[in-house]
There are 2 protein chains.
Amino acid sequence: MIEQGNPLALQLSPYGSFSNREQAVLDQFHHKQRIFPKGKELVHEGQAAPSAYILYEGWASSFKLMPDGGRQIIDFSISGDFLGLRSVFFRTSNHSIVSITDIKASQVTADDLYSTFGSCPRLATSLLRAASMDKAIAVERLVSLGRRNAPERMAHFLLELGERLMVVGLATEKGYDCPLSQFHLADALGLSAVHVNRVLRDFREEGLLTFRAGRVVYHDIEKLVRFCGFDNSYISQIRRLLT
Amino acid sequence: MIEQGNPLALQLSPYGSFSNREQAVLDQFHHKQRIFPKGKELVHEGQAAPSAYILYEGWASSFKLMPDGGRQIIDFSISGDFLGLRSVFFRTSNHSIVSITDIKASQVTADDLYSTFGSCPRLATSLLRAASMDKAIAVERLVSLGRRNAPERMAHFLLELGERLMVVGLATEKGYDCPLSQFHLADALGLSAVHVNRVLRDFREEGLLTFRAGRVVYHDIEKLVRFCGFDNSYISQIRRLLT
DNA sequence: CGAACGCTTGATGGCCATCAATCTCTGTGG
DNA sequence: CCACAGAGATTGATGGCCATCAAGCGTTCG
């Protein structure tokens, strides 16, 4: 029942399988996809953004700029994620969204969404659940920034990312490809890029994991999990249903 | 059209006025309210929580406990807020919710919600919007923890709280009553209680604001706003429509 | 009246930001 | 084909913000 080539369906499918009609709506979104180049600003903070996006391939980041030029990355988006859902309900978004790599995405207007809500209420519920998980991730990031030190933050973040990528088939228990720079990590974890570098070096020297040349390789994933107290239940609820 | 005595209606009303029928549904929730004592655990992390709550009076906090005994407060809930919406869609919640004061709240079951969605789709949309704003607040907290120092965090937090309280008529431009201890502030802002104390002392000595004996009094609110770069647009969208 | 809780202030130290310099790699234009 | 620029990675030195430890105070409540 699940179309393998549709990551959005993959992300939503754990919440129940879809009827033909619902599948058709999902595929309709899927076929409207376009290509956006790396560095393209999809949503600008403070500006009206009448449409959202479904991301099918590539990476994007949502962030907020500080008056002093600093940047706080709220989240990274990967294959199958919804972008800018918030900006559909409010007039303006409170953060910007920019593609990190070239991406394939389809634009979804507010009207698309509202009509979907009307004709396929179960899809609406699925969306709500996806949004809920979105918030769960934000909560975990909050905990990281508030109560974990730099190495714990890094470990937790990289493990979480791996779990999310595994849901859409882009990671194994060995590791995953990751186009993020150390600056990206720094801005997401509330650290300086210099310190990110040191933490990654320590991880390498202690045989925990290697992040190099755009690839994350686990060396001792269980030690990592223990070290930062990673509990994947908020993500694996999904995976358990998939496999 | 707005019933003055129903804070939930007050919080949702900015998104459009309600029909009689919708108002009736809201009032139905309103009349099921019960009293819970201070310190009551409404939702326990990791446990099934089949129902959510609508808070009508008093304060609550949602938080996550760390393995080392530390605590990260995710958010405080005030009059009119929805509690544990997440735990309705997932089997388990990823954080606990405990009342800080005695509270009046009504329990809302998952079935209540689903049937509301069916009969009053505009209420469903209102809820989605409320949840969206919830996330906006989480995002602001993320930015605070990631990129602001202690005094900026404090100022931003107290201003945001004031704006939220003003929406439900519990704050003026002079200040507001606030039952939070310095430990609460510390656990929300990712600081130690000792440092919270020092920051508040500095605010007092510099004539910015006074937080004492359960009351926050602004002395120079504009300087505060400038100091931490507070932008209330994500909350005031609501207030502007109310007044 | 003692205990518990929250608030307050001082002293010490560690984590991580900041500044600065070097190195690699990639792409680009002369 | 090479020189050059620019982005990202790496390492060292210095210092500041804030955690931690410790002690004393006021208030509330059983």
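These numbers were taken from a predicted model, which means no experiment stands behind them.

### Brief notes about the confidence of the model for chain A
Moving on, step 1. Across chain A, the average pLDDT comes to 85, with 87% of residues at or above 70.
Moving on, step 2. Here residues 239-243 of chain A is modelled with pLDDT under 50, and outside its nearest four sequence neighbours on either side it reaches 8 contacts, counting other chains as well.

### Brief notes about the sheet that holds strand β2 (residues 41-43) of chain B
Residue and element names in this part refer to chain B.
Moving on, step 1. Here we have 4 strands laid out as an open sheet, ordered β2-β7-β4-β5, and antiparallel in their pairing. Strands with a single pairing partner mark the edges of an open sheet, and in this sheet they are β2 and β5 (71-77). Going from strand to strand, the sheet's axes swing by 30° on average, the running direction of each strand aside.
Moving on, step 2. Across 6 bridges, strand β4 (residues 60-65) lies against β5 in antiparallel orientation.

### Considering the packing of aromatic side chains
Moving on, step 1. Counted by the stated rule, this structure contains 8 aromatic pairs over all chains.
Moving on, step 2. Ring plane angle 90° and centroid distance 5.7 Å describe the contact between phenylalanine 36 of chain A and tyrosine 53 of chain A, whose orientation is recorded as edge-to-face. In this pair, phenylalanine 36 of chain A is assigned in strand β1 (residues 34-36) and tyrosine 53 of chain A in strand β3 (residues 51-57), connecting sequence segments 17 residues apart.
Moving on, step 3. Centroid distance phenylalanine 76 of chain B to phenylalanine 157 of chain B: 5.8 Å. Interplanar angle 65°. Geometry classified as edge-to-face. Here the residue phenylalanine 76 of chain B occupies a position in strand β5, and phenylalanine 157 of chain B occupies one in helix α6 (residues 150-167), the gap between them amounting to 81 residues.
Moving on, step 4. Sitting over the ring of phenylalanine 63 of chain A, arginine 71 of chain A keeps its end group 5.5 Å from the ring centre.

### Focus on the side chain of serine 96 of chain B
Residues and elements named next belong to chain B.
Moving on, step 1. Examined against the element boundaries, serine 96 turns out to sit in strand β7 (residues 96-99).
Moving on, step 2. Residue serine 96 is classed as buried on the basis of its relative accessible area of 2%.
Moving on, step 3. Looking at serine 96, its side chain comes within polar contact range of the main-chain nitrogen of glutamate 45, at 3.0 Å.
Moving on, step 4. Not counting the four nearest positions on each side in its chain, serine 96 is found in contact with Glu41, Val43, His44, Glu45, Ser61, Ser62 and Phe63.

### Description of the protein's contact with DNA strand D
Moving on, step 1. Looking at DNA strand D, there are 16 residues lining it, with Gln182 and Arg201 of chain A together with Ala150, Leu191 and Ser192 of chain B nearest.
Moving on, step 2. Expressed as a percentage, the sugar and phosphate content of the atoms of DNA strand D within 4 Å of the protein is 61%.
Moving on, step 3. In the environment of DNA strand D, a phosphate oxygen lies 2.7 Å from a nitrogen or oxygen atom belonging to the side chain of arginine 201 of chain A.
Moving on, step 4. The contact in question runs from a phosphate oxygen of DNA strand D to an N or O atom on the backbone of glycine 190 of chain B, over 3.3 Å.
Moving on, step 5. Mapped onto the surface near DNA strand D, the elements with two or more residues apiece are α8 (193-205) of chain A together with α8 (193-205) of chain B.
Moving on, step 6. Ranked by the residues each element gives to the surface near DNA strand D, the list is headed by α8 of chain A, at 5 residues.
Moving on, step 7. Of the residues belonging to the surface near DNA strand D, the class tally is 4 nonpolar, 7 polar and 5 charged.

### Remarks on unusual backbone geometry
For residues besides glycine, phi is generally negative; the peptide bonds are generally trans as well.
Moving on, step 1. Its identity is not glycine, yet alanine 213 of chain A carries a phi of approximately 55°, on the positive side.
Moving on, step 2. You can see alanine 213 of chain A is positioned in the loop between β10 (209-212) and β11 (215-218).

### Observations concerning the pattern of salt bridges
All names here are of chain A.
Moving on, step 1. Tallied over the entire structure, the rule returns 24 salt bridges over all chains.
Moving on, step 2. A salt bridge links aspartate 112 to lysine 32, with the shortest nitrogen-to-oxygen separation between them at 3.1 Å. Here lysine 32 lies in the loop between α2 (20-30) and β1 and aspartate 112 lies in helix α4 (residues 110-119), a separation of 80 residues in the sequence.
Moving on, step 3. Under the relative-accessibility criterion, lysine 32 is labelled partly exposed at 38%.

### Overview of the sheet that holds strand β4 (residues 60-65) of chain A
All names here are of chain A.
Moving on, step 1. On the basis of which strands lie adjacent, the open sheet formed by 4 strands has the order β2-β7-β4-β5 and antiparallel pairing. Of all the strands in the sheet, just β2 (41-43) and β5 (71-77) have a single pairing partner and so form its edges. Averaged over all pairs of adjacent strands, the angle between strand axes in this sheet comes to 30°, irrespective of strand direction.
Moving on, step 2. Pairing analysis gives 4 bridges linking β4 to strand β7 (residues 96-99), with the strands arranged antiparallel. In the sheet register, serine 62 faces β7, and the bridge partner there is isoleucine 97.

### Here's the deal with the environment of valine 199 of chain B
All names here are of chain B.
Moving on, step 1. Along the polypeptide, valine 199 turns up in helix α8.
Moving on, step 2. For valine 199 and proline 151, which are 48 residues apart along the polypeptide, the C-alpha to C-alpha distance reads 5.9 Å.
Moving on, step 3. With residues near it in sequence (within four places) discarded, valine 199 still touches Ala150, Pro151 and Met154.

### A word on the packing of α6 of chain B against helix α9 (residues 221-228) of chain B
All names here are of chain B.
Moving on, step 1. At a minimum axis distance of 9 Å, the contact between α6 and α9 shows a crossing angle of 125°. One finds that α6 runs oblique with respect to α9. Considering how the two elements wind past one another, α6 and α9 form a crossing that is left-handed. Along the contact surface, α6 presents Pro151, Glu152, Ala155, His156 and Leu159, while α9 presents Ile221, Leu224, Val225, Phe227 and Cys228.
Moving on, step 2. Of the residues that constitute the contact of α6 with α9, the class distribution is 8 nonpolar, 1 polar and 1 charged.

### Some remarks on the protein's contact with DNA strand C
Moving on, step 1. The immediate surroundings of DNA strand C are formed by 16 residues, with Ala150 and Ser192 of chain A together with Gln182, Asn197 and Arg201 of chain B found nearest.
Moving on, step 2. When atoms of DNA strand C within 4 Å of the protein are sorted by moiety, sugar and phosphate together comprise 65%.
Moving on, step 3. Between DNA strand C and the protein, one listed contact pairs a base nitrogen with a side-chain N or O atom of arginine 198 of chain B at 3.0 Å.
Moving on, step 4. In the model, a phosphate oxygen of DNA strand C is placed 2.7 Å from a nitrogen or oxygen of the arginine 201 of chain B side chain.
Moving on, step 5. Considering each element in turn, the surface near DNA strand C owes the most residues, 5 residues, to α8 of chain B.
Moving on, step 6. Of the residues belonging to the surface near DNA strand C, the class tally is 4 nonpolar, 7 polar and 5 charged.

Rules and cut-offs
Residues numbered from 1 in each chain as written. Chains lettered and ligands numbered in written order. Predicted model: local features only at pLDDT ≥ 70, side-chain atom pairs only at ≥ 80, totals over all residues. Heavy atoms only, no water. pLDDT = per-residue confidence, 0-100. Contact = heavy atoms within 4.5 Å. Pairing = 2+ DSSP bridges. Helix = DSSP H or I, 4+ residues; strand = E, 2+ residues; numbered from the N terminus. Axes fitted to C-alpha atoms, helices over the stretch in contact; angles between N-to-C directions. Phe/Tyr/Trp six-rings, centres within 6.5 Å; stacked < 30°, edge-to-face > 60°. Lys NZ or Arg CZ within 6 Å of the ring centre and 35° of its normal. Buried < 20%, exposed > 50% of the residue type's maximum accessible area, 1.4 Å probe, protein only. Polar contact = N/O pair within 3.5 Å; in protein donor to acceptor, adjacent residues only side chain to side chain. Near = heavy atom within 4 Å. Nonpolar A, V, L, I, M, F, W, Y, C, P; charged D, E, K, R; others polar. Salt bridge = Lys/Arg side-chain N within 4 Å of Asp/Glu carboxyl O. Parallel < 35°, antiparallel > 145°, perpendicular 65-115°, else oblique. Left-handed = near helix turned anticlockwise from the far one by under 90°.

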